[in-house]
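A closer look at the structure
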Amino acid sequence: MLKLGLLSLLNRRATLALTVLSIGLSVALILGIERLRSEARDGFTDTVSGIDLIVAARGNHVQILMATVFGVGSTTNAIDGTTFDRLAALPEVAWAVPLAHGDNHRGYPVVGTTQAYFERFRYAGSVPLAFASGSPFGDAHGAVIGADVARQLGYAVGTEIVNAHGAGDVAFDVHDEAPFKITGVLDPTGTPVDRMVFVSLEGFAQIHAEAKFEARAADPLGRLGGRPATPAPPREAVHHEEHEAHHEEAARRDHDEHADQEVHDAHAPGKLNAVYIGLKSKSAVLSLQRFLAEYPDEPLSALLPAATLLELWSLTAVAENSLRLVALAVVVAGVLGMLTMISATLEARRREFAILRSVGATPWHVFALIVFEAAVIVCAGLVVGLLLFYAAIATAGPLLADEFGLHMGLDAPSLREWTILLTVGAFGTLASLLPAFRVYRRTLADGLALRI
């Protein structure tokens, strides 16, 4: 009977190929969506696995997490550099890493930090950052780049780069007067670190202080870009001009008096966007979070990365479930296509079934033949779906890594993916029971009667 079933399928190989392909495409789609979702979540979790708390100015926790860890968007406010010193001195804190954001290099986010970042940052649980070449920056004008930045832009140790103010591809002010020299290139991590440029916190503060200094020198009264002055009535013109001249002279004197102080402050930490904190004991995380929420000197947010990720997943759950429903609908459509093919051939095969009955096949044999054929079609569809799935990963994987930082390897199917495959296989086989039951109920005489 099994041989007869295989020969019968081969006799309908054109229809069989189309049915198997439709099931294979649906399986590849649902596996692809599941792998993308899983890799995205794992990548996010790996990135924050070594951080106990992220402290920033009061704001939305998800926004802070996306800006400070993943380089997406920006925080609305900054915290004072002295706050960082106080945080680092707390008895519960084992280490603290300052972070400053707001610049980009050709679309890649720039992070101002210290060498402690490369010593303390962990991903995938406890894996430290490693250098493919070079070393951390040793002075204010050094820079370290991630693996994707180096590969995409062709940079290496010794290359000079110029950053610009702004997030993403937006550049408000190019800091071409203060280039940085690359001192190190990081090994690939599969996290957003691969798409970041790290500069010294001192150099980051310096170029912004110098930019502010130059802006004040060019426009001491802050007129550029401001609201146009309303012309004074003719009778007050003389008084208005005298007042303007006096005000401008006072601004120039104030500018000259504080010029030296501006340059000195440029080398101070100044404002920070966030602080990564590692604790001596994990049990102290909630008490420290409550303390920072009531911090008296300035309003702060202290977020738990893992808890904030759960909040992020709750926001993206609607999109994820929508994609799953679309993939499920495609799988159902593929299985229905198989049932349509089997059902459409039943009328043409009625004489075949009657002959089988006449030579000794029982109704159960015919029933099993239909179920066997459906199982073969579904299994073939699963195999084709796996092949298409891995072909898509091999083809689109580099593009996903370059554009979105999603590293999808040719790994064996996960437990969840195997569950999906078995579920689709079981669903397709069970669905064949309906046409098989129809054949089972037919009589021998019904099949032998010729229709002209």
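I will try to describe carefully the structure that is included in this document. No experiment lies behind these values; they were computed from the predicted model shown.

This next bit is on the overall build of the protein. When helices and strands are tallied, the protein shows 15 helices and 16 strands. Residues classed as buried in the protein amount to 43% of the 452 residues present. A separation of at least 24 residues holds for 79% of the contacts in the protein among residues at least 6 apart in sequence. When the accessible surface of the protein is totalled, it reaches about 23500 Å², and 62% of it is carbon and sulfur.

Before going further, it helps to examine the packing of aromatic side chains. Working definition: an aromatic ring pair is given by the centre-to-centre distance plus the angle between the planes. Scanning all chains against the criterion turns up nine aromatic pairs. Both rings, one in F118 and one in F137, keep their centres 5.5 Å apart while their planes meet at 75°; by these two values the pair is edge-to-face. Of this pair, F118 sits in helix α5 (residues 116-120) while F137 is found in the loop between β7 (131-134) and β8 (142-145), placing the two residues 19 residues apart along the sequence. Here the two residues F118 and F137 agree in accessibility, since each one is buried. Centroid distance F291 to Y295: 6.1 Å. Interplanar angle 85°. Geometry classified as edge-to-face. Each member of the aromatic cluster is reached from another via a ring pair, and the members are Y117, F118, F121, F131, F137, F198 and Y276.

Looking now at the environment of H141. As for its position among the elements, H141 is in the loop between β7 and β8. Accessibility expressed as a relative area gives 38% for H141, which makes it partly exposed. For the pair H141 and S200, spaced 59 residues apart in sequence, the C-alpha to C-alpha distance is 6.9 Å. Every residue in contact with H141, bar those within four places of it in the chain, is listed here: P179, F180, K181, S200 and Q206.

Another aspect to go through is the environment of G334. With respect to the helices, strands and loops of the structure, G334 is situated in helix α10 (residues 305-346). Each C-alpha atom of the pair G334 and V27 lies 8.9 Å from the other, and the pair is 307 residues apart in sequence. Beyond its immediate sequence surroundings of up to four residues, G334 is in contact with S22 and I23.

We now examine unusual backbone geometry. Backbone geometry places R106, a non-glycine residue, at a positive phi of 55°. Turning to its location among the elements, R106 is positioned in the loop between β3 (93-105) and β4 (108-113). Given a relative accessible area of 57%, R106 falls into the exposed group.

Bringing the pairing of β8 into the picture now. Residue alternation in β8 divides its side chains into two sets, G142 and V144 and A143 and I145, and both sets are buried. Pairing analysis gives four bridges linking β8 to strand β12 (residues 180-186), with the strands arranged parallel. Along β12, the bridge assignment pairs G142 with K181. Bridge count between β8 and strand β13 (residues 197-200): three bridges; the pairing is antiparallel.

All right, on to the pattern of salt bridges then. Counting across every chain of the model gives eight salt bridges. Across the pair E417 and R35 runs a salt bridge, and its minimum N-O distance is 2.6 Å. Placement of E417 in helix α13 (residues 415-431) and of R35 in helix α2 (residues 13-47) is noted, with a sequence separation of 382 residues between them. Of the two residues, E417 and R35, both sit in the buried class. Between R86 and D297 there is a salt bridge; the shortest N-O distance is 2.4 Å. Taken together, the positions of R86 in helix α4 (residues 81-88) and D297 in the loop between α9 (285-293) and β16 (300-303) put the pair 211 residues apart, joining distant regions of the chain. Exposure remark for R86: the relative accessible area of 42% places this residue in the partly exposed category.

It is worth spelling out the side chain of T19 at this point. Topologically, T19 is positioned in helix α2. Note on T19: relative accessible area 6%, which makes it buried. In contact with T19, other than residues within four places in its own chain, are G337, M338, M341 and I377.

Criteria and thresholds
- Counting starts from 1 at the beginning of each chain's written sequence and moves along it residue by residue.
- Selection of residues for local features in this predicted model requires a pLDDT of at least 70, selection of side-chain atom pairs for listing and counting requires 80 or more, and totals for whole chains, interfaces and linings are taken over all residues.
- To get the side-chain values, take all heavy atoms of the structure and skip hydrogens and water.
- Helix and strand labels come from DSSP, where a helix needs a run of H or I of at least four residues and a strand needs a run of E of at least two; each type is numbered from the N terminus.
- Categorising residues by exposure relies on relative accessible area from a 1.4 Å probe, with only protein chains included: less than 20% of the type maximum marks a residue as buried, more than 50% marks it as exposed, and the intermediate range marks it as partly exposed.
- Contact criterion: two residues are considered in contact whenever any of their non-hydrogen atoms come within 4.5 Å of each other.
- Here the accessible surface of atoms and residues is derived via Shrake-Rupley with a 1.4 Å probe, and residues count as covered only by protein chains that are part of the display.
- Any Phe, Tyr or Trp ring, taking Trp's six-membered ring, that has another such ring centre within 6.5 Å forms a pair; planes under 30 degrees apart are called stacked, those over 60 apart edge-to-face, and the others tilted.
- Two strands make a pair as long as DSSP finds a minimum of two bridges between them.
- Every case where a carboxyl oxygen of Asp or Glu lies within 4 Å of a side-chain nitrogen of Lys or Arg is listed as a salt bridge.

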